[in-house]
Every structure is written in C-alpha cells, then in structure tokens.
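Structural features, examined
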Amino acid sequence: MICVLCGGTGAAKFLQGLQRIVPPAEITAVVNTGDDVMWWGLHVSPDVDSITYALAGILSRERGWGVEGDTFECHARMRELGAPAWFSLGDRDLATHLQRTQWLKGGRSLTNVTAEMARRLGVQSRILPMSDDPVETRVVTESGELSFQEYFVRERHQPVPWEVRYIGAEKAHPARGVLDAIHQAQLVIVAPSNPITSIGPILAVPGIRGALRATPATIVAVSPIVGEAAVSGPAGELMRAHGLEVSIRGVAQVYADFLDMVVVEESDRKLAPRVEDLGIRVHSCRTMMQSDEDKAELARQVLVASKMRTPTPTSQSQASRGPRPRAASPRRP
Ligand code: FO1
C-alpha cells in the first residue's frame, strides 16, 4: 500500500498519475482539511474534493479544482442576491457541499462522509481526511489575519504573509485509519503540495509526525519548489514567512526529521549536495506535470527512486513480506 500526504492542485495531478501505474486500491490519500471553509452555510472541503474528483476522473483540468465542465448558474444568482461571491462554487460542486453538510449535520464524521462520496463516485483508493476535528489554517499578513481562502482566493495571496497558524490542531486527533496507513505503507509519498499550508496542517495533527518518524516505510517527497519559486501558488512566500529558504533544501528541511528522499526537477540536480548534507537523498527527473503522461512518468520516477533504497533486488517474495526493517537513520532517533 502506498500512502500519499496530499494538499490541493499539485497533489491531485500527482495522484492522477500514480493511479495510472499502481492499482488504485493500493493508494491511501491522507488529505489536508485546513483549507475547509463554511460557505453559504455549507461545509466546503477543497482539498478533499480536489483529490476525490481527481481520482474519480472528474476534476476540472482548467481550474485544478471543482468539477470538469461545471456551470456557475447558482453562483451568478447568489451574487445577484447580494451573497458573497469571491469564492466560486459550481452547480455540480454544490451538490457535494449540500450532501456533505446534510450528512455531517446528521452526525456522520468527515471520514465517513468522504468515504461515502468517494464510493459513490467510483473511487477505489482510500481517501482519509487528516482529522475529523476542526483545524483551520489562518494566515497572518501585513493587512491582518485571514482564513486560508480569504488569503488565497479573495486576496489572491497578494498580502505579504508573516506567519501561518493551524487553529485547533493541538486538540485534533488523526482520523481513523491515518496512523495505520502510515505504519502499514510500503511507501509514503509527500505529494508536490505547499509544505506550509497543505502538508503543514497534516503534520500539525498530534501523532502524525511521530508515525512518519517511526514507520518502516520509505518516505519520499516530491518538491513543489523548482529553483527559487513554487511551481504554482504562494508556497514560496509562505516558506519565506517561516524562515525557510525557497529551494529544494527548504522543502527538505520542513520534512527532515522523517524524510528519506526528495524528488526534484532536473534543473535542481546541482543543488543536491545541499540536501544530501541533511542526510536526505535526492532523485532528479522531470517533475513538471503538463500532460497525463508527465503525471504518470513522475509517479513512476518516484516509485523507481524509492526502490533504489533497497540494494538487494526486490523479488516478489521479498516484496510480499511487507516493509523492510528500516536501516537506522541518523534523523530518526
Ligand atoms: N480557487 C480559486 O482560486 N478561486 C475560487 O473561486 C475557488 C473556489 C473553490 C471552490 C471549491 C473548491 O473545492 C476549491 C476552490 N478553489 C478556488 C481552490 C481552493 O482555493 C483550494 O484551497 C486550492 O486548491 C488550494 O488548495
């Protein structure tokens, strides 16, 4: 089983590639819920929905969120009626939020709702929210404190961020199945998502970071940073706000206490020594995901790179024996 820690758009594209090269039933996605927002009285879970739609094959290619070919009739009418409209919900997407909100009000957990949504959309992979407890990512900026969506969408991540907070994280518990997925995985992949606002909230849920440090699985991250900038979105500014250099070294530092390897864009191969001196291996390949083939090839490269850590050939019998006992790693006392 492969466990993937996921945020939004980059993770969704990566999973579209991964499920082309491994059986979808072997994938467990652990997804950030720090972006969740109550909108028009509905519980919207953007990253859970992006991952679910991606694995169901209905994610909008153009937007990277919401449903392919969706219309925005309700959104237009809501704007005419004076409702806030800076966060656009498509008409088909709206059904997800209506049903999720109904199910949650009926007492179901976000884990249960997410699994039911995925099942009804024909998704065979497991999709787990990081927690059923509320964790809200908030961004402290030069113009005040904003929710993640206010920062990212309403303000188009223009205000300079000073700090990111995960409100409620210290009281949150990993959703049922998350810790087991990390411990039982042969491979854990940190998707090419924003280390601060997509992966950060997941790592802030007590117990998850400890599980990553203890698992026998190989852990590989795909860098969302190429050169000194994010492939997309505000990851660079947010890393800088947290005192991290915006580079593959900065990404490796966020995950240094549990990471074995980082997969980086070929053009960053020259920076490998600055990551290897953290005790983390580097695999370089093409990481930009324009086409479906790019997505599948990147996923393939991650699997190849992770297997590189097994010096002996991974014959079927060995593989079926489950995870290898981990070589003592200096970073995991
Ligand atoms: N991103 C935008 O830039 N503009 C939007 O109006 C917007 C609406 C939206 C609605 C549902 C949803 O699931 C995602 C949505 N996103 C929108 C993306 C959202 O901001 C995510 O948090 C990002 O994908 C980052 O994870």
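Residues numbered from 1 in each chain as written. Predicted model: local features only at pLDDT ≥ 70, side-chain atom pairs only at ≥ 80, totals over all residues. Heavy atoms only, no water.

Brief notes about the environment of D133
Checked against the element boundaries, D133 lands in the loop between β5 (126-129) and β6 (136-141). Accessibility expressed as a relative area gives 26% for D133, which makes it partly exposed. The spatial distance from the C-alpha of D133 to the C-alpha of I280 is 32 Å, given a sequence separation of 147 residues. Of the polar contacts made by the side chain of D133, one reaches the backbone nitrogen of H173; its length is 2.7 Å. (Helix = DSSP H or I, 4+ residues; strand = E, 2+ residues; numbered from the N terminus. Buried < 20%, exposed > 50% of the residue type's maximum accessible area, 1.4 Å probe, protein only. Polar contact = N/O pair within 3.5 Å; in protein donor to acceptor, adjacent residues only side chain to side chain.)

Side note on the sheet that holds strand β1 (residues 2-6)
Taken together, seven strands build an open sheet; the order of strands is β5-β2-β1-β9-β10-β13-β14 and the sheet is parallel. The sheet is open, and its two borders are formed by β5 and β14 (281-285), each paired with just one other strand. Across the sheet, the axes of successive neighbouring strands diverge by a mean angle of 20°, strand direction being ignored. In this structure, strand β13 (residues 261-265) lies alongside β14, joined through five bridges in parallel fashion. Pairing of V263 across the sheet is with H283, part of β14. Sheet strands in contact with helix α2 (residues 46-56) are β1, β2 (27-31) and β5, and its direction is about 160° off that of β2. Across the sheet, helix α8 (residues 195-204) lies against β1, β2 and β9 (187-190), angled at about 115° from β1, the strand it touches most. (Pairing = 2+ DSSP bridges. Axes fitted to C-alpha atoms, helices over the stretch in contact; angles between N-to-C directions. Contact = heavy atoms within 4.5 Å.)

What to know about unusual backbone geometry
Of note, W40 is a non-glycine position whose phi angle comes to about 55°, a positive value. With respect to the secondary-structure elements, W40 resides in the loop between β3 (37-39) and β4 (42-44). Despite not being glycine, H157 has its phi angle at roughly 40°, a positive value. Tracing the sequence through the fold places H157 in the loop between α6 (148-154) and β8 (161-167).

Quick look at the packing of aromatic side chains
The tally for this structure, following the rule as stated, stands at six aromatic pairs. Judged by centre distance (6.1 Å) and plane angle (70°), the rings of W86 and F87 are edge-to-face. Through pairs of rings, three or more aromatic residues link up here, namely W39, W40, W86 and F87. Directly above the ring of W65 sits R63, whose terminal nitrogen or CZ lies 4.9 Å from the centroid. A cation over a ring is seen here: R154 above W86, with NZ or CZ 5.9 Å from the ring centre. (Phe/Tyr/Trp six-rings, centres within 6.5 Å; stacked < 30°, edge-to-face > 60°. Lys NZ or Arg CZ within 6 Å of the ring centre and 35° of its normal.)

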